[in-house]
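Spelled out from the first residue to the last, the chains are:
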Amino acid sequence: MKRILMLAVAGLILVSGISFAGGGQEAASDSTRILLYLNGTRGDQSFFDSASRGIEIVSQQFDVETRIVEGGYDSSAWQPDLAQLAGGGWDIIIAGTWQLAEYVQDLAVQYPETTFIVYDTSVDYSAGDFSNVYSILYSQNEGSFIVGALAGMLTASDLDRARSGNTIGFIGGMDIPVINDFRVGFEQGARQVNPNVRILAAYVGNFNDPARGKELALAQIEQGADVIFAAAGESGLGALEAAGEQNVFSIGVDSDQYMLLRDSQPNIAAAVVTSMLKNVDNSVVYAIERYLDGTLAIGQAELLGIREDGVGIARNENFERIVPQAMIDELDRLIEMIDAGEIVVDTAIGQ
Amino acid sequence: MTSLLDSIFSVEFLFAVLRVSTPLIFPALGVAITAMSGNINIGLEGIMLIAAFTGVIVSIYTESLMLALLAGVASGIFFGAALGYFHLKLKADIILAAVALNFLASGLTIFLLIVITGGRNTSALRSLTFPSFSIPLLRSIPILGPVLSGHNIMTYVAFLSVLVYYIVMFKTPLGLRIRAVGQNPDAARSVGIDVDRVKLYALMISGVFGALGGLYLSMGYVSWFSRDMVAGRGFIAVAAATMGSNLSLGTLLGSMLFGLVNTLTIYIASLDIPSDLVQSIPYLATVIVLAVYSARNFAPRKRRAAHRRRQRAQAHGKDT
């Protein structure tokens, strides 16, 4: 009985192995074959959902063949997964976040025929010949500029949650260039509309301590801040909770944190006036479009800002409810000015 | 600057010190009781994390705060006992076993979180929380009232736990046995005490304290579980308990010193001081306090030793 079972299992493995290999070789059609590998799963309502949405748009708009592989959260599986998929004869393999950059570097050399696209990170172009890798970086400083401007206007307003201190707060995960890029943009945006605004900035020291994030936000609120912008991962969630409890405004990051919290934590969500978004979906479409045109700058890292729709702000129901039309108009005006190059947002990267 | 000083000497600041100290007092007591039994327990970090997770999950599925509390504490006892099993029964080094426990806790909670939520964002799970508690009479006392009243109920439990620790340690036979085993296991064994059993009890009680600390983090401080949210508090607790010589009041003061320094760094974090410097203040404080502490301890010991030598010399002199 046991032996039969073993045989059956062995047979199954064999068959599935063949079908998998077969699946990798069906490159008969002329259409471009695009693979998106997620080092996580869909349903995160953030990066991975956004990337998948981009792929779905691409597959509707263009004559391409697409596939999305969910790698799950076991980091030890990502490298072998990618290595196996890379042998599948794909034209384009998209893999995001800094955690995969190193694996892509190895595979890009092994598979020079395949184009690799990484998002929210860049391969180290000085470390080798990566003429088949296109890296997408997001100008978080530009997005932060816009939410900073909103914060500067909110704190000076007489809206419900605004207080009289003309003070806003920034909470970062760590004192590192990418987080400081959020900070300089935020500060510049706030001063653009409100030159006298007082800006408190603090760092949690990590991305996984919501209790400390909350405590930092409470201290800033105590010192008069009435808008808190948190770029601190899970630690930042604690800051959002503090803002919800103390009845001031908060601004989320990366994905639309109002939508994320609306059902499970309504009182935290109510304070989240907007979020600074990294539009992974738009950037994927942007890259594929140019790839098909033959104009994609493969072999380089490209910074996608407001103009390219790489970053933006969440305009959800809560945003519409809280923010007066005059402020929205002002934000649109600032976005246009950045678009036109009339405002150049400072950066903390590469300095 | 003046506004900062104002806010540091404010009621809110002192209130925050108690809030920040709470998740340190619990594990520090856990460290203290195992230290009294002769073991160093660096596994509180993992025990807190597991209890924080268990509490959130049970509260969501049962909608009962009481069951969540019980399940969290049970998970703490279980992993305290597991540590005891590895160390006492299988003779594994307790430091290594605790390191393994911490890694297990980190991985296991993330894994189960993904299984249970299907990989959705962690904040999608809203936990029940322990209520805040305002003490009617205390409230009306000026300054002291607003500082002491209105805390999460777990903060009061933390202070009560210090009392419980004192009573267990110094007023019960179990406490006496724990201290005997810690100070001289051979002597304890010679009077018929089952040393391993007593050490196991100490680890299990430390699991209770650690669990309460973890539950406070995910069900009081915030209202969800997120990966590795204990963020080193289980290790700081080791320093806090050591500073307090594992005695009840000392451990409380040690934890509160860390709470105070941490709150201070939170309040000065928004000044234009390099953040790396600010974040190193708690650790600098540890080093300084431990140095002062050991210097103070070292001096009398040297005197005592010299005194003993003199006595011996005198006794010797009489003999001859």
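On a predicted model such as this, the values are computed, not experimentally measured, just so you know.

Residue and element names in this part refer to chain B. In this structure, Leu83, Tyr165, Ile178, Leu215, Phe225 and Phe258 are the most contacted members of the largest nonpolar core, which totals 77 residues. The element contributing the most residues to this core is helix α11 (residues 195-221), with 11 residues. The contact partners of Leu215, leaving out residues within four places of it in the chain, are Ala51, Ala52, Gly55, Ala68, Leu69, Gly72, Val73, Phe130, Met154 and Gly220.

What follows deals with the packing of helix α2 (residues 47-61) of chain A against helix α11 (residues 280-293) of chain A. Residues and elements named next belong to chain A. For the pair α2 and α11, interaxial distance at closest approach is 7 Å and the crossing angle is 35°. Considering only the axes of α2 and α11, their crossing is right-handed. In contact with Phe47, Ser50, Ala51, Arg53, Gly54, Ile55, Ile57, Val58 and Gln61 of α2, α11 contributes Val280, Asp281, Val284, Val285 and Ile288. Looking at side-chain class alone, the contact of α2 with α11 contains nine nonpolar, three polar and two charged residues.

Once that is clear, we can look at unusual backbone geometry. In terms of backbone geometry, most residues other than glycine have negative phi values and most peptide bonds are trans. All names here are of chain A. Of note, Thr97 is a non-glycine position whose phi angle comes to about 70°, a positive value. Within the fold, Thr97 resides in the loop between β3 (92-96) and α4 (98-110). A residue is classified by how much of its surface remains accessible, and Thr97, at 9% relative accessible area, is buried. If you check the backbone angles, Asn247 has positive phi at about 60° while not being a glycine. Following the sequence through the fold, Asn247 ends up in the loop between α8 (233-246) and β9 (249-254).

With that settled, consider the pairing of strand β4 (residues 115-119) of chain A. Residues and elements named next belong to chain A. The element β4 is largely enclosed, with a buried count of five among its five residues. Burial of the side chains of β4 extends over both faces: Thr115, Ile117 and Tyr119 are buried on one face and Phe116 and Val118 on the other. Of the strand pairs in this sheet, β3 and β4 are connected by five bridges, and their pairing is parallel. Residue Ile92 lies in a different strand from β4, and its bridge partner there is Thr115. You can see the chain leave β3, run along α4 and come back into β4, and the turn it takes is right-handed. With four bridges connecting them, β4 and strand β5 (residues 133-138) associate as parallel partners.

Residues and elements named next belong to chain B. A cluster of nonpolar residues, Tyr61, Leu104, Leu108, Phe111, Val115 and Ile116, forms a patch on the protein surface that exposes about 570 Å² of accessible area. No other element matches helix α5 (residues 94-117), which puts five residues into the nonpolar patch. With respect to the secondary-structure elements, Leu108 resides in helix α5. On the basis of relative accessibility, which here comes to 30%, the residue Leu108 falls in the partly exposed class.

Moving on, we come to the pattern of salt bridges. Residues and elements named next belong to chain A. All chains considered together, the criterion is met by 15 salt bridges over all chains. Across the salt bridge formed by Lys214 and Glu241, the nearest N and O atoms sit 3.0 Å from each other. Residue Lys214 is located in helix α7 (residues 210-222), and its partner Glu241 is located in helix α8; the two are separated by 27 residues in the primary sequence. Glu241 matches Lys214 in its accessibility class, with the two residues each being buried. Connected through shared salt-bridge partners, Lys214, Glu241 and Glu245 make up one network.

Here the focus is the sheet that holds β5 of chain A. Two pairing modes exist for strands in a sheet, parallel and antiparallel, and in both the strands are linked by backbone hydrogen bonds. All names here are of chain A. With parallel pairing, the six strands of this open sheet are ordered in space as β2-β1-β3-β4-β5-β11. Both outer strands of the open sheet, β2 (64-70) and β11 (301-304), are each paired with one neighbouring strand and no more. Direction aside, the axes of adjacent strands within the sheet are offset by 20° on average. Across the sheet, α11 is in contact with β1 (32-38), β2, β3, β4, β5 and β11; its angle to β5 comes to roughly 145°.

What the rule picks out here adds up to 13 aromatic pairs over all chains. Consider the rings of Tyr85 of chain B and Phe86 of chain B, whose centres lie 5.9 Å apart with planes at 65°: the pair is edge-to-face. Judged by centre distance (6.1 Å) and plane angle (70°), the ring pair of Phe133 of chain B and Tyr156 of chain B falls under edge-to-face. Linking Phe133 of chain B in strand β1 (residues 132-133) with Tyr156 of chain B in helix α8 (residues 153-171), this pair joins segments that are 23 residues apart in sequence. Using a relative accessible area of 18% as the deciding quantity, one classes Tyr156 of chain B as buried. Through a chain of ring-to-ring contacts, three or more aromatic side chains come together here, namely Phe170, Phe182, Phe186 and Phe229 of chain A. Between Arg33 of chain A and the ring centre of Trp90 of chain A, over which it is positioned, the NZ or CZ distance is 4.1 Å. Between the NZ or CZ atom of Arg290 of chain A and the centre of the ring of Tyr286 of chain A, over which it lies, the distance is 3.7 Å.

Our focus in this paragraph is a positive patch on the surface. Taken together, the side chains of Arg308, Arg309, Arg310 and Arg312 of chain B make up a positively charged region of the molecular surface. Its location among the elements puts Arg310 of chain B in helix α14 (residues 275-319).

Time to look at the domain arrangement of chain A. Residue and element names in this part refer to chain A. Once the domains are mapped, chain A shows domain 1 (3-138 + 280-304) and domain 2 (140-277 + 315-339). Domain 1 and domain 2 are separated by 34 Å when their C-alpha centres are compared. At the interface, five residues of domain 1 touch five residues of domain 2. Both sides together, the interface formed by domain 1 and domain 2 hides about 400 Å², and carbon and sulfur atoms give 45% of it. In this structure, the connection of domain 1 to domain 2 is made through zero salt bridges. Viewed at the interface, domain 2 and domain 1 are joined by one residue pair in polar contact (both at pLDDT 80 or more). Class assignment of the residues belonging to the side of domain 1 that touches domain 2 gives a composition of two nonpolar, two polar and one charged.

Moving on: the interface of chain B and chain A. Facing 38 residues of chain B, the contacting portion of chain A comprises 38 residues. Together chain B and chain A conceal approximately 3,000 Å² of surface at their shared face, both sides included; 49% is due to carbon and sulfur atoms. Three residues stand out in chain B for area buried against chain A, namely Trp224, Ile266 and Ser270 of chain B, and they jointly supply 20% of the buried area on that side. Remark: the boundary between chain B and chain A carries two salt bridges. Arg233 of chain B is paired through a salt bridge with Asp209 of chain A; the nearest N and O atoms lie 3.2 Å apart. Connecting chain B to chain A are 12 residue pairs in polar contact (both at pLDDT 80 or more). For the side of chain B that touches chain A, the per-class residue count stands at 15 nonpolar, 15 polar and eight charged.

The rules behind these values
Residues numbered from 1 in each chain as written. Chains lettered and ligands numbered in written order. Predicted model: local features only at pLDDT ≥ 70, side-chain atom pairs only at ≥ 80, totals over all residues. Heavy atoms only, no water. Core = buried A, V, L, I, M, F, W, Y, C linked by side-chain atoms within 4.5 Å. Buried < 20%, exposed > 50% of the residue type's maximum accessible area, 1.4 Å probe, protein only. Helix = DSSP H or I, 4+ residues; strand = E, 2+ residues; numbered from the N terminus. Contact = heavy atoms within 4.5 Å. Axes fitted to C-alpha atoms, helices over the stretch in contact; angles between N-to-C directions. Left-handed = near helix turned anticlockwise from the far one by under 90°. Nonpolar A, V, L, I, M, F, W, Y, C, P; charged D, E, K, R; others polar. Pairing = 2+ DSSP bridges. Right-handed = clockwise from strand over helix to strand, strands pointing away. Patch = residues over 30% accessible without salt bridge, like charges linked within 9 Å, V, L, I, M, F, W, Y side chains within 5 Å. Areas by Shrake-Rupley, 256 points an atom, 1.4 Å probe, with all protein chains shown as cover. Salt bridge = Lys/Arg side-chain N within 4 Å of Asp/Glu carboxyl O. Phe/Tyr/Trp six-rings, centres within 6.5 Å; stacked < 30°, edge-to-face > 60°. Lys NZ or Arg CZ within 6 Å of the ring centre and 35° of its normal. Lys, Arg positive; Asp, Glu negative; His and termini not counted. Charge placed at Lys NZ, Arg CZ, Asp CG, Glu CD. Domains from an automatic or database assignment. Buried area = accessible area lost by both parts, 1.4 Å probe. Polar contact = N/O pair within 3.5 Å; in protein donor to acceptor, adjacent residues only side chain to side chain.

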